[in-house]
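Here are the chains, one letter per residue:
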Amino acid sequence: MNAAMAAARESYSTAFLGAIRAREGEDFLLKAGIDTPGNGREHIWTAPVSISSTEITAELVNEAVYFEGHVGDEITFSPDQISDWSYRRDGKLHGNYTTRVMLPEIPQDQAARLRAILAPLP
């Protein structure tokens, strides 16, 4: 999982930001590792609202479990907290590095549906 998160961070500025700048896709999401009470991190999907080189503001698209936050709440994090990214283009999901790692752990029918729509990694 750590290798998948590192690969997602490495490709973020070219593949993810490149697609946003070129307006080549939709449903852009970032997964961020958010610090939690107790010194852990919860990795949660967000929809970016604004992105700069030092700060990202995004809306939660999942309910937080280990920190106080609800779907639709805005949070701010730095690019080094990104653990994955995703967007949809031409019916395919791009990115989703951590999702790919989890495929063997989810029900076979669900994994097969995901494999069918995952685009090759950049």
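In case you missed it, the structure is sitting above this.
Residues numbered from 1 in each chain as written. Predicted model: local features only at pLDDT ≥ 70, side-chain atom pairs only at ≥ 80, totals over all residues. Heavy atoms only, no water.

Draft legend 1. Looking closely at the side chain of aspartate 84. If you trace the backbone, aspartate 84 turns up in strand β5 (residues 82–89). Buried and without a salt bridge, aspartate 84 has lysine 31 as its closest oppositely charged side chain, separated by 4.8 Å. A distance of 3.4 Å separates a polar side-chain atom of aspartate 84 from the backbone nitrogen of asparagine 96. Setting aside chain neighbours within four positions, we find aspartate 84 in contact with Ala8, Leu30, Lys31, Trp45, Gly95, Asn96, Tyr97, Thr98 and Thr99. (Helix = DSSP H or I, 4+ residues; strand = E, 2+ residues; numbered from the N terminus. Buried < 20%, exposed > 50% of the residue type's maximum accessible area, 1.4 Å probe, protein only. Lys, Arg positive; Asp, Glu negative; His and termini not counted. Salt bridge = Lys/Arg side-chain N within 4 Å of Asp/Glu carboxyl O. Polar contact = N/O pair within 3.5 Å; in protein donor to acceptor, adjacent residues only side chain to side chain. Contact = heavy atoms within 4.5 Å.)

Draft legend 2. Spotlight on the pattern of salt bridges. Inspection of every chain in the model, using the stated rule, returns 4 salt bridges. For the salt bridge of arginine 41 with aspartate 35, the shortest nitrogen-to-oxygen distance reads 3.0 Å. A relative accessible area of 52% places aspartate 35 in the exposed class. Residue aspartate 109 is joined to arginine 113 by a salt bridge in which the shortest nitrogen-to-oxygen separation is 3.7 Å. Linking aspartate 109 with arginine 113, this pair stays in helix α3 (residues 108–117), spanning 4 residues, or about one helical turn. Among the residues examined, aspartate 109 registers a relative accessible area of 48% and is labelled partly exposed.

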